[in-house]
Amino acid sequence: MLFARLARVSQEVAATSARSRKTALLAELFRDAEADDVPIVIPYLAGRLPQGRLGIGWKLLSRPVAPATDPTLTVREVDARLTAVGAVSGSGSQAERGRLVGELLAAATADEQRFLFGLLTGEVRQGALDALAVEGLAEATGAPAADVRRAVMLAGSLRAVARALLADGPSALDRFRLTVGRPVLPMLAHSASSVAEAVEKLGLCAVEEKLDGIRVQVHRDGDDVRLYTRTLDDITDRLPELTSAALELKGERFILDGEVIALDENGRPRSFQETAGRVGSRVDVATAAHEVPVSPVFFDALSVDGRDLLDLPFAERHDVLARLVPEPMRVRRTLAHGRDDLATAEEFLAGTLRRGHEGVVLKALDAPYTAGRRGASWLKVKPVHTLDLVVLAAEWGHGRRTGKLSNLHLGARNPDGSFAMLGKTFKGMTDAMLTWQTERLSELVVEETRWGVTVRPELVVEIAYDGLQRSTRYPAGVTLRFARVVRYREDKSPAEADTVEALLDAHPEVTR
DNA sequence: TTCCGACAGTGGGGTCGCAAT
DNA sequence: ATTGCGACCCCACTATCGGAA
């Protein structure tokens, strides 16, 4: 299949807003793909490369290349060339990768270049990613979409499912079963604004501590233990103490879901930054493990001793978990019977926060284990802090925010009346707010830059955030975690904005 | 007809590791 | 030795479509 066809279909998908039409366009293309093209076409039209990331970013793509006049590239040729790019390593590799990418771009027409650019930077912006590719695949093959989704969850790979499905038809889906050693897409939680809201929605539920660590899926088959992250990356080699912990459990074959977190000598959580740094360390694991040991904390069992537990209600999965995993290695929890036990749930949240954790996750006891964002049977609740900060600058937005000032630079007051930047945010704005702030900030401009504008520090905005973390980037030595706009405070003057000092006082754990 | 679940988009900060300087 | 860059962790929120109620 010609690569130009994919580029054209991607453009058509981007041009329509109707999901049904996007799905139909994808399905038509999938039907026409030859068997060998499928493993390439599927990820491409889901906006990804089958090779994953290739170490190519905006920097390497910034040099324009004259496009070819006629489309000659095939899908398989593009794939082969990108595989070659990914294989380059060692000294001078940046230049070599740049050269290979340049050659590929030179062989591509303008339309093909645009699509390639999107694939390489991960910004195809066609309004269709994995989920719509699944829908398209279902439509192309006549398989029920729910069955395809489940197979993708079990395979942990859309590509593998697509290949089997297009080669052998819907019956191929039966081949995808939960297998120890093969990671599955993890179940995710939605947010709720309060324990009361969550309890109301879920009825009978477990209330579990939400630990601020890294999600981990642990597979054990006899002596073989494998560890996977939320995106199914294999991190077995980085966390030897988790392998040891899994081998100590009295079960030969299982898949467990949990969190890995660094705790101090009192059992209180160390900062997320410390846990993330540890889990990210690959080179000198022994030293990292000595300095920041981590602990597994399990909350679900997907498979134990050959029994697939995914479709069991959470209550039963947890019974199995509790028989296999001793209490210190399980997440702390309580049960709540809907509204009647609201006080129980709220007390548990308060206790969790006192113990230094992030919040709670409430889980319906009757819900099966489902991947992705489908189903709101897990609801997380975290406390939210707010501040009144001053807008110091704003950056021009991209994509649907092109032409709007989007990303705000936020400052808190210093004792001398100046402002210390605490971070940025682009979250929480409605379209109306984007329009309004673009106009309002334009009146306050003191300097225009390539990326946006700096403004007179006069506009006060209420910002919600999850907590404070250390920063080497910002002058106060701290930055806000997950900052988002709540509303503008035109009733407040910059002199009434919150101070750096008050912020630090409110989060003593960060500076201690 | 209205409501709501699911999706995509829009980017935030940090850390690690590699390559370039 | 330091710096720049990309990958991958954590993530909130809004707009929109389309099926459910």
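Residues numbered from 1 in each chain as written. Chains lettered and ligands numbered in written order. Predicted model: local features only at pLDDT ≥ 70, side-chain atom pairs only at ≥ 80, totals over all residues. Heavy atoms only, no water.

- As recorded in an unreviewed UniProt entry, chain A goes by Probable DNA ligase and comes from Streptomyces phyllanthi.
- Quoted verbatim from the Sequence similarities (unreviewed entry) heading of the UniProt record, the comment on chain A is "Belongs to the ATP-dependent DNA ligase family."
- What UniProt records for chain A under Catalytic activity (unreviewed entry) is the sentence "ATP + (deoxyribonucleotide)n-3'-hydroxyl + 5'-phospho-(deoxyribonucleotide)m = (deoxyribonucleotide)n+m + AMP + diphosphate." (UniProt positions renumbered as here; feature names shortened; annotations may be inferred.)

1. Focus on the overall build of chain A
Here is step 1: When helices and strands are tallied, chain A shows 19 helices and 19 strands.
Here is step 2: Relative to a compact globule of 512 residues, whose C-alpha radius of gyration would be 24 Å, chain A shows 25 Å and is just as compact.
Here is step 3: Along the three orthogonal principal directions, the C-alpha set of chain A runs to about 65 × 65 × 50 Å.
Here is step 4: Put simply, chain A has 512 residues, and 50% of those count as buried.
Here is step 5: Counting only contacts in chain A whose residues sit at least 6 apart along the sequence, the fraction spanning at least 24 positions is 69%. (Helix = DSSP H or I, 4+ residues; strand = E, 2+ residues; numbered from the N terminus. Rg over C-alpha atoms; globule rule 2.2 N^0.38 Å. Buried < 20%, exposed > 50% of the residue type's maximum accessible area, 1.4 Å probe, protein only. Contact = heavy atoms within 4.5 Å.)

2. Some words on the packing of aromatic side chains
Here is step 1: Under the definition given, this model contains five aromatic pairs.
Here is step 2: When the centroid spacing of 6.0 Å and the interplanar angle of 85° are considered together, the rings of Phe3 and Tyr44 count as edge-to-face. Residue Phe3 is found in helix H1 (residues 3–15), and its partner Tyr44 is found in helix H3 (residues 38–45); the two are separated by 41 residues along the sequence.
Here is step 3: Measuring from centroid to centroid gives 4.8 Å for Trp436 and Tyr488, while their planes differ by 55°, and the two rings are tilted. Of this pair, Trp436 sits in helix H17 (residues 431–442) while Tyr488 sits in strand S19 (residues 484–488); the two residues are 52 residues apart in sequence, bridging distant segments of the chain.
Here is step 4: Each member of the aromatic cluster is reached from another via a ring pair, and the members are Phe3, Tyr44 and Phe115.
Here is step 5: Note that Arg355 overlies the ring of Phe348, its terminal NZ or CZ placed 5.9 Å from the centroid.
Here is step 6: In this structure, Lys363 packs its charged tip against the face of Trp378, placed 4.0 Å from the ring centre. (Phe/Tyr/Trp six-rings, centres within 6.5 Å; stacked < 30°, edge-to-face > 60°. Lys NZ or Arg CZ within 6 Å of the ring centre and 35° of its normal.)

3. Comments concerning H3
Here is step 1: For H3, the buried fraction is high: eight of the eight residues fall into the buried class.
Here is step 2: Burial in H3 covers these residues: Val38, Pro39, Ile40, Val41, Ile42, Pro43, Tyr44 and Leu45.
Here is step 3: Its buried side turned inward, H3 meets H1, helix H2 (19–32), helix H5 (75–87), helix H7 (110–121), helix H8 (130–141) and helix H10 (158–168).
Here is step 4: At the C-terminal side of H3, Gly47 shows a positive phi close to 80°.

4. Overview of the domain arrangement of chain A
Here is step 1: Assigned domains of chain A: these are domain 1 (3–168), domain 2 (188–381) and domain 3 (385–510).
Here is step 2: Distance between the C-alpha centres of domain 1 and domain 2: 34 Å.
Here is step 3: The partner domain 2 presents eight residues to the five residues of domain 1 that form the contact.
Here is step 4: Of the roughly 530 Å² buried at the junction of domain 1 and domain 2 (both faces included), carbon and sulfur atoms supply 59%.
Here is step 5: It is Arg149, Arg150 and Met153 that lose the most area in domain 1 upon contact with domain 2, and together they represent 76% of the buried surface on that side.
Here is step 6: Notably, a salt bridge pairs Arg150 with Asp311, separated by 3.4 Å at the nearest N-O pair. (Domains from an automatic or database assignment. Buried area = accessible area lost by both parts, 1.4 Å probe. Salt bridge = Lys/Arg side-chain N within 4 Å of Asp/Glu carboxyl O.)

5. A short note on the protein's contact with DNA strand C
Here is step 1: If you check the shell around DNA strand C, you find 31 residues, and the closest are Arg19, Ser20, Lys210, Thr231 and Arg484.
Here is step 2: The protein-proximal atoms of DNA strand C, defined as those within 4 Å of the protein, are 90% sugar or phosphate.
Here is step 3: Measuring from a phosphate oxygen of DNA strand C, one finds a side-chain N or O atom of Asp233 at 3.1 Å.
Here is step 4: Every element with two or more residues in the surface near DNA strand C is listed here: H2, helix H4 (58–61) and strand S3 (214–221).
Here is step 5: Grouping the amino acids of the surface near DNA strand C by side-chain chemistry returns eight nonpolar, nine polar and 14 charged. (Near = heavy atom within 4 Å. Polar contact = N/O pair within 3.5 Å; in protein donor to acceptor, adjacent residues only side chain to side chain. Nonpolar A, V, L, I, M, F, W, Y, C, P; charged D, E, K, R; others polar.)

6. So, the pairing of strand S11 (residues 385–396)
Two faces, one strand: in a regular strand the side chains alternate between the faces of the sheet.
Here is step 1: Taken across its twelve residues, S11 has nine buried, putting it largely inside the fold.
Here is step 2: Two elements, S11 and strand S16 (residues 460–465), share six bridges in a ladder whose sense is antiparallel. Looking at the pairing, Val390 lines up with Val460 of S16.
Here is step 3: With six bridges connecting them, S11 and strand S12 (residues 405–413) associate as antiparallel partners. Counterpart to Glu395 in the pairing with S12 is Asn407.
Here is step 4: Note: S11 against strand S15 (residues 452–455), three bridges, orientation antiparallel. Among the inter-strand pairings, Ala394 is bridged to a residue of S15, identified as Val453. (Pairing = 2+ DSSP bridges.)

7. Topic: the pattern of salt bridges
Here is step 1: Applying the stated criterion across every chain, the model contains 40 salt bridges.
Here is step 2: Note that Arg99 is salt-bridged to Glu96, the shortest N-O span being 3.0 Å. With Arg99 and Glu96 both in helix H6 (residues 93–106) and three residues apart, the pair spans about one turn of that helix.
Here is step 3: For Arg484, the salt bridge goes to Asp466, with nearest N and O atoms at 2.7 Å. Here the residue Arg484 occupies a position in strand S19, and Asp466 occupies one in the loop between S16 and strand S17 (467–470), the gap between them amounting to 18 residues.
Here is step 4: Overall, the relative accessible area of 23% leaves Arg484 in the partly exposed class.
Here is step 5: By relative accessible area, Asp466 is classed as buried at 19%.
Here is step 6: When salt bridges that share partners are traced, they join Lys210, Glu358, Lys382, Asp466 and Arg484 into one network.

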